[in-house]
Amino acid sequence: MGSAAQTPAQVYPGEADCAAGDQWCADTVIQRPLGGVTDAKTTWQNRPTYQQVVQLPNHR
(Lines give C-alpha, C1' and ligand atoms only; values in the text may rest on other atoms or scores of the structure.)
Protein backbone atom coordinates (compact mmCIF):
# COMPACT_ATOMS: atom_id res chain seq x y z
CA MET A 1 0.00 0.00 0.00
CA GLY A 2 1.41 3.39 -0.98
CA SER A 3 1.60 6.32 1.37
CA ALA A 4 -1.05 8.20 -0.67
CA ALA A 5 -3.66 5.70 0.54
CA GLN A 6 -2.70 6.16 4.21
CA THR A 7 -3.59 8.88 6.68
CA PRO A 8 -0.89 11.36 7.76
CA ALA A 9 -0.87 9.74 11.21
CA GLN A 10 -0.01 6.37 9.60
CA VAL A 11 2.79 7.82 7.46
CA TYR A 12 4.15 9.94 10.34
CA PRO A 13 3.22 7.94 13.47
CA GLY A 14 4.75 10.38 15.94
CA GLU A 15 7.29 9.97 18.72
CA ALA A 16 8.48 11.79 21.83
CA ASP A 17 9.46 14.92 19.85
CA CYS A 18 6.68 15.02 17.22
CA ALA A 19 2.93 14.49 17.23
CA ALA A 20 1.38 11.88 14.94
CA GLY A 21 0.69 13.25 11.46
CA ASP A 22 3.05 16.24 11.82
CA GLN A 23 5.15 15.96 8.65
CA TRP A 24 6.98 19.25 9.22
CA CYS A 25 8.24 18.05 12.60
CA ALA A 26 8.95 14.50 11.38
CA ASP A 27 11.18 15.84 8.59
CA THR A 28 13.33 17.96 10.91
CA VAL A 29 16.78 17.14 12.24
CA ILE A 30 16.60 16.81 16.02
CA GLN A 31 19.96 17.24 17.78
CA ARG A 32 20.75 15.37 20.98
CA PRO A 33 21.72 17.64 23.88
CA LEU A 34 25.43 17.63 24.71
CA GLY A 35 26.00 18.66 28.30
CA GLY A 36 24.24 22.00 28.70
CA VAL A 37 24.23 22.73 24.96
CA THR A 38 20.92 22.29 23.16
CA ASP A 39 19.87 23.18 19.62
CA ALA A 40 16.45 23.82 18.15
CA LYS A 41 15.00 21.53 15.48
CA THR A 42 16.49 22.15 12.05
CA THR A 43 14.24 21.97 9.00
CA TRP A 44 15.49 19.72 6.24
CA GLN A 45 14.28 18.79 2.77
CA ASN A 46 15.76 16.20 0.46
CA ARG A 47 16.57 18.15 -2.69
CA PRO A 48 19.23 17.56 -5.31
CA THR A 49 22.28 19.79 -4.93
CA TYR A 50 22.60 20.17 -8.69
CA GLN A 51 20.97 18.99 -11.88
CA GLN A 52 22.90 17.79 -14.88
CA VAL A 53 21.92 17.49 -18.53
CA VAL A 54 23.83 15.05 -20.71
CA GLN A 55 23.57 15.16 -24.48
CA LEU A 56 24.62 12.06 -26.42
CA PRO A 57 25.48 12.05 -30.13
CA ASN A 58 23.12 10.31 -32.58
CA HIS A 59 25.83 7.97 -33.81
CA ARG A 60 29.39 7.00 -33.12
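Above this text sits the structure in question.
The rules behind these values
Residues numbered from 1 in each chain as written. Predicted model: local features only at pLDDT ≥ 70, side-chain atom pairs only at ≥ 80, totals over all residues. Heavy atoms only, no water. Helix = DSSP H or I, 4+ residues; strand = E, 2+ residues; numbered from the N terminus. Rg over C-alpha atoms; globule rule 2.2 N^0.38 Å. Buried < 20%, exposed > 50% of the residue type's maximum accessible area, 1.4 Å probe, protein only. Contact = heavy atoms within 4.5 Å. Areas by Shrake-Rupley, 256 points an atom, 1.4 Å probe, with all protein chains shown as cover. Lys, Arg positive; Asp, Glu negative; His and termini not counted. Charge placed at Lys NZ, Arg CZ, Asp CG, Glu CD. Polar contact = N/O pair within 3.5 Å; in protein donor to acceptor, adjacent residues only side chain to side chain.

On to the overall build of the chain, then. Helix and strand content of the chain: two helices and two strands. Listed by position from the N terminus, the elements making up the chain come as α-α-β-β. Here the C-alpha atoms of the chain give a radius of gyration of 19 Å, more than 25% beyond the 10 Å that 2.2 N^0.38 yields for 60 residues. The burial tally for the chain puts 5% of its 60 residues in the buried class. Looking at the chain alone, contacts between residues at least 24 apart form 3% of all its contacts between residues at least 6 apart. Carbon and sulfur atoms provide 51% of the accessible area of the chain, an area that totals close to 5900 Å². The average position of the 4 basic charges and that of the 5 acidic charges among the side chains of the chain differ by 15 Å.

Relative to the elements of secondary structure, glutamine 31 occurs in the loop between strand S1 (28–29) and strand S2 (42–43). The exposure class of glutamine 31 is partly exposed, given its relative accessible area of 39%. Measuring from C-alpha to C-alpha, the distance between glutamine 31 and lysine 41 comes to 7.0 Å, with 10 residues separating the pair along the chain.

Take the side chain of threonine 28 next. Examined against the element boundaries, threonine 28 turns out to sit in strand S1. A polar side-chain atom of threonine 28 sits 2.6 Å from the main-chain carbonyl oxygen of cysteine 25. Once residues within four sequence positions are removed from consideration, threonine 28 is found in contact with Lys41, Thr42 and Thr43.

This next bit is on the environment of valine 53. Tracing the sequence through the fold places valine 53 in the segment after S2. Overall, the relative accessible area of 80% leaves valine 53 in the exposed class. Between the alpha carbons of valine 53 and alanine 26 there is a distance of 33 Å; along the sequence they are 27 residues apart.

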